[in-house]
Amino acid sequence: SDSLHVEYHRLYDVPLRTADKSFYEQAVRKVAADSVGPFLRSLQPRHPFYHRLLAMLADSSTPAADRPKILCNLERCRWRLDDQPYEHKKYVLVNIPSYRLYAVDGDSVMSMRVGCGTFKTKTPLITSRISRMDINPQWVIPRSIIEKDIVRHVGDRSYFERRHYFVRNRRTGKNVDLEKVTWSMLMDKNYLVIQEGGAGDSLGRIIFRFQNNFSVFLHDTSSPAFFSRDDRGVSHGCVRVQNPFDLAVFLLQDKDDKLIDRINYSMHADVSRLGSNNRRPPSADDEEGFVELPDTLDRSRLISSHHLDPEVPLFLTYYTLFEDPRGELHRCADVYGYDRVIYANLKSYLNQ
């Protein structure tokens, strides 16, 4: 239904095409010229998966229990988006219910596991383009996490240091001494809590950025154990990727060996030794509290960011019946409950 189409996409970051004045004027002209049939056929989805689902629905051997799932995914195929994966040779697609990412370049398909948002912190549906990768990124912690988890640790310097958190006054750009951080500061939007980049950072060693309205990204993780689970709803909305270095190489237009080496080196280098952080906690034999560590970093091989040219199309989708780029059909759990919402709207249009 068009009303469901509009409501669904109002909540998410997916460009859509709706019927405007020019559409209705065109429809009237077609009717007047007695070409209603061709006009209606021109409105049918071009999504290849749509016709596979239609055939499944028409197949008498399809169990009745499968019809609601087929109808819900048929409805998704009907939504007229501004962009679709099949319109591109090279793209990245994440299907949230299957918790998998596909990096496609023509006939070449790379697949990997991902972690997505929990039921309470859902990953939004997004059509965008990956424009940049940042290596060893700092994590600017969202307000919701600060207010729920961090503010209660005010006064516990070791909590912040163990997690490599620091507090910055966004107006002055200066860091605040942890001994002077107060509850009211952390509840004030003018103060940021930031996690240093490097080993142990929640974003992992690399992040893939794209334009969206939700501050959601693809990124590495410092806690990869969850990839072995079937239910990988683990994040606050971002998508955590299992093989981030492989994805980085895929995104590059020119497979520059020197650039690839710099990305790989930077993702494994001990960047905590940069600048004034080139220190370690004291041991029992230290007389002055801290000793300097040998600086072994090869700074000529470090890279902090790389812009993609061209940008690579990205699709964060939600199909509970999903045809992957190799043509294999996957039945997925309705992890966010969207099928229930769609089917509740569709039932009034079905013959009971």
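Just so it is clear, the model here is predicted, and its values are computed rather than measured.

**Student:** I'm lost on the sheet that holds strand 8 (residues 191-195) in this one. Help?
**Tutor:** The pairing of strands in a sheet comes from backbone hydrogen bonds and takes either a parallel or an antiparallel form. Spatial strand order, 5-8-6-7: four strands in an open sheet with antiparallel pairing. Lying at the two open borders of the sheet, with one neighbouring strand each, are strand 5 (139-140) and strand 7 (174-176). Relative to strand 7, strand 6 (residues 165-169) runs antiparallel, the two sharing three bridges. Looking across to strand 7, one finds that N169 is bridged to K174.

**Student:** I tried to follow a nonpolar patch on the surface on my own but got confused; where do I start?
**Tutor:** A surface patch of nonpolar side chains, about 240 Å² in accessible area, is lined by V31, V36 and L40. Tracing the backbone shows V31 in helix 2 (residues 21-32). Owing to a relative accessible area of 52%, V31 belongs among the exposed residues under this scheme.

**Student:** Looking at this structure, I do not really get unusual backbone geometry. What am I missing?
**Tutor:** Excluding glycine, a negative phi dihedral is what most residues carry, and trans is how most peptide bonds are arranged. Here the residue pair D309 and P310 is connected by a cis peptide bond, since its omega of 5° sits within 30 degrees of zero. When you line up the elements, P310 lands in strand 15 (residues 305-317). The phi dihedral of H164 is positive, around 60°, even though this residue is not glycine. The topology assignment puts H164 in the loop between helix 7 (157-162) and strand 6.

**Student:** Any chance you could explain the side chain of D220 here in plain terms?
**Tutor:** One can find D220 in the loop between strand 10 (218-219) and strand 11 (233-235). No salt bridge is formed by the buried D220. Its closest oppositely charged neighbour is R205, at 6.3 Å. A distance of 2.8 Å separates a polar atom in the side chain of D220 from the backbone nitrogen of R205. With sequence-adjacent residues up to four places away left out, D220 is seen in contact with S202, L203, G204, R205, I206, V241 and P244.

**Student:** So what exactly am I meant to see when it comes to helix 9 (residues 244-251) here?
**Tutor:** Three- or four-residue spacings in an α-helix give side chains the same orientation, since the helix completes a turn every 3.6 residues. P244, L247, A248, F250 and L251 are the residues of helix 9 that are buried. Buried residues of helix 9, viewed axially, fall in a sector of 160°; they line one side.

**Student:** When you look at the pairing of strand 15 in this model, what are you seeing that I'm missing?
**Tutor:** Regular strands show a simple pattern: their side chains alternate between the two faces of the sheet. Pairing geometry for strand 1 (residues 90-95) and strand 15, over four bridges, is parallel. Looking at strand 15, one finds that L93 is bridged to F315. Bridge analysis of strand 4 (residues 126-135) against strand 15 gives eight bridges, and the strand direction is antiparallel. Residue pairing for strand 15: I126 is matched across the bridge by L316.

**Student:** I'm lost on the pattern of salt bridges in this one. Help?
**Tutor:** Between side chains of opposite charge, a pair can form when the charged atoms approach closely. Within the structure shown, the criterion is met by 11 salt bridges. Note that E323 is salt-bridged to R52, the shortest N-O span being 2.6 Å. Of this pair, E323 sits in strand 16 (residues 321-323) while R52 sits in helix 4 (residues 48-58); the two residues are 271 residues apart in sequence, bridging distant segments of the chain. On the accessibility criterion, E323 (25% relative accessible area) is partly exposed. Close ionic contact of D134 with R132 constitutes a salt bridge, the shortest N to O distance being 2.7 Å.

**Student:** Explain the nonpolar core here, please?
**Tutor:** Among soluble globular proteins, nonpolar side chains are generally buried collectively. Core analysis: the biggest nonpolar cluster contains 59 residues, and L218 and L247 have the highest contact counts within it. Those residues in contact with L218 that lie beyond four places of it in its chain are V92, V94, L101, I130, I207, F208, F210, V239, V241, L247, L314 and L316. M56, C77, W79 and Y102 belong to the second largest nonpolar core, which has 21 residues in total.

Calculation criteria
Residues numbered from 1 in each chain as written. Predicted model: local features only at pLDDT ≥ 70, side-chain atom pairs only at ≥ 80, totals over all residues. Heavy atoms only, no water. Pairing = 2+ DSSP bridges. Helix = DSSP H or I, 4+ residues; strand = E, 2+ residues; numbered from the N terminus. Patch = residues over 30% accessible without salt bridge, like charges linked within 9 Å, V, L, I, M, F, W, Y side chains within 5 Å. Areas by Shrake-Rupley, 256 points an atom, 1.4 Å probe, with all protein chains shown as cover. Salt bridge = Lys/Arg side-chain N within 4 Å of Asp/Glu carboxyl O. Buried < 20%, exposed > 50% of the residue type's maximum accessible area, 1.4 Å probe, protein only. Lys, Arg positive; Asp, Glu negative; His and termini not counted. Polar contact = N/O pair within 3.5 Å; in protein donor to acceptor, adjacent residues only side chain to side chain. Contact = heavy atoms within 4.5 Å. Arc of directions from axis to C-beta. Core = buried A, V, L, I, M, F, W, Y, C linked by side-chain atoms within 4.5 Å.

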